[in-house]
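# An overview of the molecular structure
Listed here are the chains, written in short residue letters.
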Amino acid sequence: MALQWYPGHMNKAKNQVQDRLKLVDIVLEIVDARLPFSSRNPVLENIIDQKKHIIILNKSDLADPKVTKDWKLNFQQEGTNSIELDAKHNKGLGQIKSLIRSELSDKIERYEKNGVKNYQIKAMCIGIPNVGKSTILNRLVGKNVAVTGNKPGVTKNQNWLKTSIGIDLLDTPGILWPKIDDPKVGMKLALSGAIKDKIYAPDDVAIYALNFLETHYMDQLQEAYGLTNADVFNHTTPQLLMDLTKKFGYKEDYDRTSRRIIEDVRKLKLGRLTFDIPGEFYEE
Ligand code: G4P
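Predicted, not measured: the structure shown is a model, and the values here were computed from it.

### Focus on the pattern of salt bridges
- Tallied over the full model, the rule gives 10 salt bridges.
- Close ionic contact of D70 with K66 constitutes a salt bridge, the shortest N to O distance being 3.4 Å. In this pair, D70 and K66 are both assigned in helix α3 (residues 65–77), 4 residues apart and thus about one turn of the helix distant.
- Two residues, K188 and D276, come together in a salt bridge whose shortest N-O distance is 2.9 Å. Of this pair, K188 sits in helix α7 (residues 183–192) while D276 sits in the loop between α12 (254–266) and α13 (280–283), and the two are 88 residues apart along the sequence.
- Classification of K188 as buried rests on a relative accessible area of 1%.

### A few points about the sheet that holds strand β4 (residues 122–126)
- Pairing is mixed in the open sheet, where 6 strands are placed in the order β3-β2-β1-β4-β6-β5. Among the strands making up the open sheet, the edge pair consists of β3 (82–84) and β5 (160–162). Put simply, the sheet's adjacent strands are angled 30 degrees from each other on average, direction ignored.
- Bridge analysis of strand β2 (residues 52–58) against β3 gives 3 bridges, and the strand direction is parallel. Looking at β3, one finds that I55 is bridged to S82.
- α3 rests against β2 and β3 of the sheet, and its axis sits at about 165 degrees to β3.

### Observations regarding the packing of helix α11 (residues 237–248) against α12
- Two elements in contact, α11 and α12, have axes separated by 9 Å at closest approach and are oriented at 90 degrees. Considering the angle they form, α11 stands roughly perpendicular to α12. Two secondary-structure elements touch here, α11 through L241, M242, L244, T245 and F248 and α12 through Y254, T257, S258, R260 and I261.
- Tallied by class, residues from the contact of α11 with α12 come to 6 nonpolar, 3 polar and 1 charged.

### A short note on the environment of I167
- Tracing the backbone through its elements, the reader meets I167 in the loop between β5 and β6 (168–170).
- Sequence separation between I167 and Y119 is 48 residues; the distance between their C-alpha atoms is 9.6 Å.
- Excluding its chain neighbours within four sequence positions, the residues that come into contact with I167 are K97, I100, Q120, I121, A123, L161 and K162.

### Focus on the UniProt feature "binding site: GTP" (unreviewed entry) in the chain
- According to UniProt, the "binding site: GTP" (unreviewed entry) feature falls on N58, K59, S60, D61, N130, V131, G132, K133, S134, T135 and G174.
- The topology assignment puts N130 in the loop between β4 and α6 (133–141).
- With respect to the secondary-structure elements, K133 resides in helix α6.
- A polar contact of 3.1 Å, which involves the side chain of K133, links it to the backbone oxygen of G127.

### Focus on the nonpolar core
- L28, I96, I100, L221 and Y225 are the most contacted members of the largest nonpolar core, which totals 72 residues.
- Of the residues forming this core, the biggest block, 7 residues, is contributed by helix α8 (residues 202–216).
- I96 has contacts with L28, I56, I83, L85 and I165, leaving out every residue within four places of it along the chain.
- By size, the runner-up hydrophobic cluster in this structure holds 14 residues, among which are M10, V24, I47 and L176.

### Let's talk about the packing of α7 against α8
- For the pair α7 and α8, interaxial distance at closest approach is 10 Å and the crossing angle is 95 degrees. Relative to α8, the element α7 is oriented roughly perpendicular. In this structure, α7 contributes K184, M187, K188, A190 and L191 to the contact, and α8 contributes D204, V205, Y208 and A209.
- Classifying every residue of the contact of α7 with α8 gives 6 nonpolar, no polar and 3 charged.

### What about the environment of I195?
- Summarising the element assignment, I195 is placed in the loop between α7 and α8.
- With 65 residues separating them in the primary sequence, I195 and N130 have C-alpha atoms 8.5 Å apart.

### Considerations on the packing of aromatic side chains
- This model, assessed by the stated rule, comprises 7 aromatic pairs.
- Look at Y208 and F212: their rings are 6.5 Å apart centre to centre, the planes differ by 20 degrees, and that puts the pair in the stacked class. Remark: F212 and Y208 occur in helix α8; sequence separation between them is 4 residues, near one turn of the helix.
- Owing to a relative accessible area of 9%, F212 belongs among the buried residues under this scheme.
- For the pair F212 and Y217, a centre-to-centre distance of 6.2 Å together with 50 degrees between the ring planes defines the contact as tilted. Of the two residues, F212 and Y217, neither departs from the other in class, the shared state being buried.
- An aromatic cluster is defined as three or more aromatic residues linked by ring pairs; in this entry it consists of Y208, F212, Y217 and F275.

About the criteria used
- Residues numbered from 1 in each chain as written.
- Predicted model: local features only at pLDDT ≥ 70, side-chain atom pairs only at ≥ 80, totals over all residues.
- Heavy atoms only, no water.
- Salt bridge = Lys/Arg side-chain N within 4 Å of Asp/Glu carboxyl O.
- Helix = DSSP H or I, 4+ residues; strand = E, 2+ residues; numbered from the N terminus.
- Buried < 20%, exposed > 50% of the residue type's maximum accessible area, 1.4 Å probe, protein only.
- Pairing = 2+ DSSP bridges.
- Axes fitted to C-alpha atoms, helices over the stretch in contact; angles between N-to-C directions.
- Contact = heavy atoms within 4.5 Å.
- Parallel < 35°, antiparallel > 145°, perpendicular 65-115°, else oblique.
- Nonpolar A, V, L, I, M, F, W, Y, C, P; charged D, E, K, R; others polar.
- UniProt positions renumbered as here; feature names shortened; annotations may be inferred.
- Polar contact = N/O pair within 3.5 Å; in protein donor to acceptor, adjacent residues only side chain to side chain.
- Core = buried A, V, L, I, M, F, W, Y, C linked by side-chain atoms within 4.5 Å.
- Phe/Tyr/Trp six-rings, centres within 6.5 Å; stacked < 30°, edge-to-face > 60°.

Structural data, given as structure tokens:
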């Protein structure tokens, strides 16, 4: 799979994040709730650790709610608070304000003691392309100031934005590409739609998806495609892809079957799924 990660680009983004950190009180790290590990950027984690920091698990409407709870607990145990958000349907935005205020309560109190009332909190959003930064900014700002679109990485300019939750927001500097050292991370990002479809071979991603579904979501897999135990057990995953091709009536067009499976996963045909499982992921 032709996925590349350019250290030069990453260093530039890293330096830009580092420069802007001085300007804000807190960092809002936005991740895809289906990929709370794979959609983070480990290079940035070290830098943002120097600052107050919360994780926003966006697209929670697409993720497995039980696993999202596990992830929240996992992050909490690591010392970072997180919230679930569904920016597309405007659910959970109110929690951002209360979590930010509680994270910064010491600082706000200090300022109040020194006579500064209504301390203006300044925050910065970071996140790899397609996690929903523009959608969140649009929701918080209340008008279309950030450009959203279906091409990863459309957020271009950084501005201070006045938000409806009384916090000034500095938009993400540059494009923070994901870091793809592990091919599985690449597969998961491709499956979620975070990486352009042209870059990967659909059958690689579909086989990865089927394998993952067989391990973690067998019931949903069987139900979605009307598969019996005999269809799925004692079969290799490529064999299953071939069987599904026949079942769908796609002759030997395995690419078409693969694209359909990827689309079905993205469109919730198999229900809400999370591709990163806490604990298990770290052992991989
Ligand atoms: P970015 O700035 O981080 O690159 O992401 P952006 O906001 O452009 O969002 C990328 C895609 O994710 C958009 O879909 C957006 O609607 C969708 N999205 C954002 N937040 C959520 C969420 O909480 N839940 C769901 N289900 N989707 C979300 P798109 O396909 O590019 O456009 P469209 O479907 O809105 O037309």
